[in-house]
Amino acid sequence: MAQEKIKVETKEFQAEVKKLLDIVIHSLYTEREIFVRELISNAADALEKFRHQSLLEEEVFDSHVPLEITIEADDKNHTLTITDTGIGMTREELEANLGTIAHSGSRTFFTQLAEAARKDVNLIGQFGVGFYAAFMAGKRVRVISRSYRPTAEGCEWASDGAGSYTLTPAPGTRRGTKIIVELKEDAHEFADKMTLQRIIRKYSNFVSFPIMLAGETVNTVQALWARSRQEIKEEEYTEFYKFIGNAVDEPFFRLHFSADAPLAINALLFVPKDNFESLGFGRMKSGVNLYCQKVLIEQHSENILPEWLRFLKGVVDSEDLPLNISRQALQDSNLVAKLRKVLTKRFLKFLEEQAVAEQERYLEFWKNFGMFLKEGATADFAYRDEIAKLLRFESSRSEAGQPIALADYVGRMAEGQQEIYYINGPNRAAIESGPYVEAFLKREIEILYLFEPIDDFVMSHVAEFDAKKLVSADRADLKLPEKQPDQAAAGKDEDAALAGAALTGLTDWMQEVLGSRVKAVTESKRLEESPAMVVNPDSFMTSTMERVLQAAHLHQGKAAQEFGGKNLEINSRHALIKNLPALKQKDESLAREVVEQIFDNALIQAGLVVDSRKMVERTYHILERIAVEVQ
Ligand code: ADP
Ligand code: MG
């Protein structure tokens, strides 16, 4: 047999690769452990490709070899070796794949990488820099590969990253690729078993092939989301939830779905049992990890779901995403935006289904996590119709503590009613004893009770449901249907009501007393029991919204605004109002104080803040006059 001369060929890297290597090698980066992820993800890719090819072709080389990834850490010689039994590369493929940047999207990616490195070298750690990341930790990298093609031959690629690489025949190589990273002085930790274990668990735990380290499989948890739903046990889901959520509780809801169109998505999302944000643990961070073909692209992704869904935990895997997409690119990507929309709609639909299938459970969810949906309603116009269906509020017809859906409300609206009414107040009792619901109860019109300050903002953003406008009961221009004729018994009072010139005289005078604090004093068409109430002529502002904005105003150190934009509605049938003109005749200064007090009381009932010091002083004054009177 003729002695074959070993042909070593030296080749220059493509210019872009040289630049990339220059950045990778000469930067001081903090996240260089990601090179392990990059090499494992390449190995996993190669295994996936082989798996596919072996299905398509009659003959493949080494068909009996198991599909796996082996990691060898040699802490004596300071090498890290990653071996896969995947598709392998021919000499030509080594040259094309590891000598040039050819794959799609890589040029813009490269520009961004270079830009990031220029700004702050630590930024490059956030980029998946692919195979070349091996030079972050390796002073020399050897790639020994043998393609799956039956007639191919083994070949070794080697480089120190300084402009050129060598190609040498490697006969006797098994199918797949072995990458030997000869570690730099300051990178010896990557030959440490524990370190590698941690890195693999962190980034590659769900790779769907076994990753062997020192004879053991490191990635214990499988890519659960990629398995068929029927096969997955309840406990497996729970364990997975605890693992990715770093959680000790059980998941409350689970949504596992896959779709092919418009995008390839495989998602497994969990709603936790506890809402730690409402428990005062500070603002949550997204708990959803973004994968592409089981390779982690972004942990706790802030791009894949809107911020108001930050309470979700889980995994989103989309094959349509490029593996080496940068964080910046994730933010800007149209594809990611599309993905976010599809996921959000799907999750909201899931909640809608849950609300129907398991009402009680949904209400429990609503109690814990409704705040996030409310945030979504105010922040994200795009989903307001979907969110509107998920809102739950108590109402004049619901039981205490049993909120209803807007659809329930609409379902029992009387014929002719065009709008959905609501009123905000601190609690049920306060609302029911206040002036705003009187007219609704008398007319048997249902009215929603809102207890949270944000609720009015939610309603104003959602604006309508089922083509019915959402209207606050403290609006000045509220138009309620006439009372039923059989309630005309109240006609007696009507006769005794203040009317005509006397009424006009009174409203004019009251307006004069209150001055710029009110826009107008008018006769109320809807008050029954209370003498007065404040209403808002501006249909976009409720008293609650005003209170919130005012608090924000104060919080910013600015002076509180006066309430100048409200109307005071008075009940011309109420004894207090009817007798005011007479009191004014007798003792105008007392009558003035009574008007002031009526206004303050109305503000309090609207949930607005009054000057309590002034008010207490005034009440004592009024009481004193009564005491004197009685003597
Ligand atoms: P990417 O994975 O985004 O394509 P990389 O720089 O990580 O970019 O890898 C470049 C190419 O090198 C891959 O597309 C693949 O064709 C080839 N490659 C890298 N590692 C392996 C491997 N272990 N087995 C087979 N081919 C590989
Ligand atoms: Mg890669």
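Heads up: the structure comes first, above all this text.
Now for a description of the structure that goes with this document. (Residues numbered from 1 in each chain as written. Chains lettered and ligands numbered in written order. Predicted model: local features only at pLDDT ≥ 70, side-chain atom pairs only at ≥ 80, totals over all residues. Heavy atoms only, no water.)

1. Quick word on the nonpolar core
In this structure, Phe311, Leu351, Phe365, Leu373, Leu448 and Leu568 are the most contacted members of the largest nonpolar core, which totals 103 residues. Top contributing element to this core by residue count: helix H9 (residues 334-357), with 8 residues. Aside from chain neighbours lying at most four places away, what touches leucine 351 is Phe253, Tyr362, Phe365, Leu373 and Leu390. Within the second largest apolar cluster, 50 residues are counted, among which are Leu47, Met89, Leu113 and Met136. (Core = buried A, V, L, I, M, F, W, Y, C linked by side-chain atoms within 4.5 Å. Buried < 20%, exposed > 50% of the residue type's maximum accessible area, 1.4 Å probe, protein only. Helix = DSSP H or I, 4+ residues; strand = E, 2+ residues; numbered from the N terminus. Contact = heavy atoms within 4.5 Å.)

2. Examining the site of ligand 1
Among the 11 residues in the neighbourhood of ligand 1, the closest are listed as Asn42, Asp84, Asn97, Phe131 and Thr177. Asparagine 42 is positioned with one of its side-chain polar atoms (N or O) 2.8 Å from an oxygen atom of ligand 1. Here a nitrogen atom of ligand 1 and a side-chain polar atom of threonine 177 are 3.3 Å apart. In isolation ligand 1 has 530 Å² of accessible area, and contact with the protein removes 86% of it. (Near = heavy atom within 4 Å. Polar contact = N/O pair within 3.5 Å; in protein donor to acceptor, adjacent residues only side chain to side chain. Areas by Shrake-Rupley, 256 points an atom, 1.4 Å probe, with all protein chains shown as cover.)

3. Some words on the side chain of glutamate 182
As for its placement among the helices and strands, glutamate 182 is situated in strand S7 (residues 176-183). The exposure class of glutamate 182 is buried, given its relative accessible area of 18%. Non-local contacts of glutamate 182, meaning those with residues more than four positions away in its chain, are made with His78, Thr79, Ala137, Gly138, Lys139, Arg140 and Arg142.

4. So, the packing of helix H17 (residues 500-514) against helix H21 (residues 588-605)
The N-to-C vectors of H17 and H21 enclose an angle of 80°; their axes lie 10 Å apart at closest approach. It follows from the interaxial angle that H17 and H21 lie roughly perpendicular. Residues Trp509, Met510, Glu512, Val513 and Leu514 of H17 form the contact with H21, whose own contacting residues are Glu588, Ala591, Arg592, Val595, Glu596 and Phe599. (Axes fitted to C-alpha atoms, helices over the stretch in contact; angles between N-to-C directions. Parallel < 35°, antiparallel > 145°, perpendicular 65-115°, else oblique.)

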